[in-house]
Amino acid sequence: MDWLGLGVTILGVAFLILAILLMKPLFHLAGVLRSLQTTTDKLPEQVEEIANQATDTISTGHETLHELNKQVKELTPIFHLVGDASKAAKAASSTVVDAIMKVQGSSTEGNGFTKKHHLEGIYGLATLTYYAIKQSKPQQASNNSK
């Protein structure tokens with residue numbers, strides 16, 4: 001044998017030993033790949049199930065929003081009525097406050113007395129009663145003449 005034949009024989013034996021040493025890890029890798037295959041075989045079914053659940057959830061949410069919008073549309077007139085009533089109450093109370101302030105501003109010596117004896121609340125109530133009576137008399141007179 002010449003040197004070339006001897007080198008090729010040594011290389012062949014080295015590759016045979018390498019193949020024998022790598023046999024166990026390659027069989028283990030083959031098992032992992034088989035396990036991966038069984039896992040990925042189930043994947044399309046799982047994705048389809050998740051997609052169906054997501055579709056059902058979105059559909060239910062859409063129906064809920066539709067019902068909520070319908071109920072809000074039914075309640076909108078009530079909200080408008082409450083808003084109008086609060087605006088009217090604000091206007092009425094503003095008128096009463098303006099009248100009270102006008103009457104309180106015109107009686108300066110009464111203001112000093114009420115502040116001295118801490119009677120501002122009673123004075124305000126009396127002023128409000130006076131103003132209400134004063135305003136109702138012209139309305140009663142106009143209602144009686146009709």
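Residues numbered from 1 in each chain as written. Predicted model: local features only at pLDDT ≥ 70, side-chain atom pairs only at ≥ 80, totals over all residues. Heavy atoms only, no water.

You'll find the protein entered in an unreviewed UniProt entry as DUF948 domain-containing protein, with Virgibacillus dokdonensis given as the organism.

Remarks on the overall build of the protein
Secondary structure assignment for the protein yields three helices and zero strands. Of the regular secondary structure in the protein, the N- to C-terminal order runs α-α-α. Relative to its 146 residues, the protein shows a buried fraction of 5%. Summed over its atoms, the accessible surface of the protein is roughly 12800 Å², and 68% of this surface lies on carbon and sulfur atoms. (Helix = DSSP H or I, 4+ residues; strand = E, 2+ residues; numbered from the N terminus. Buried < 20%, exposed > 50% of the residue type's maximum accessible area, 1.4 Å probe, protein only. Areas by Shrake-Rupley, 256 points an atom, 1.4 Å probe, with all protein chains shown as cover.)

What about the UniProt feature "transmembrane region" (unreviewed entry) in the protein?
In the numbering used here, UniProt assigns the "transmembrane region" (unreviewed entry) feature to residues 6-27. Along residues 6-27, the helical share is 100% and the strand share 0%, with 32 Å between the first and last C-alpha atoms. (UniProt positions renumbered as here; feature names shortened; annotations may be inferred.)

Notes on a negative patch on the surface
Taken together, the side chains of D41, E45, E48 and E49 present a region of like negative charge at the surface. Relative to the assigned elements, E45 resides in helix α1 (residues 3-106). (Patch = residues over 30% accessible without salt bridge, like charges linked within 9 Å, V, L, I, M, F, W, Y side chains within 5 Å. Salt bridge = Lys/Arg side-chain N within 4 Å of Asp/Glu carboxyl O. Lys, Arg positive; Asp, Glu negative; His and termini not counted. Charge placed at Lys NZ, Arg CZ, Asp CG, Glu CD.)

Describing the environment of A132
The topology assignment puts A132 in helix α3 (residues 120-145). When the C-alpha atoms of A132 and V96 are compared, they prove to be 8.6 Å apart, with 36 residues separating the residues in sequence.

With respect to the confidence of the model for the protein
Summarising the model, the protein shows a mean pLDDT of 81, and 77% of its residues fall at 70 or more. Ranking the elements of the protein by mean pLDDT puts helix α2 (residues 108-116) last, at 57, and α1 first, at 88. (pLDDT = per-residue confidence, 0-100.)

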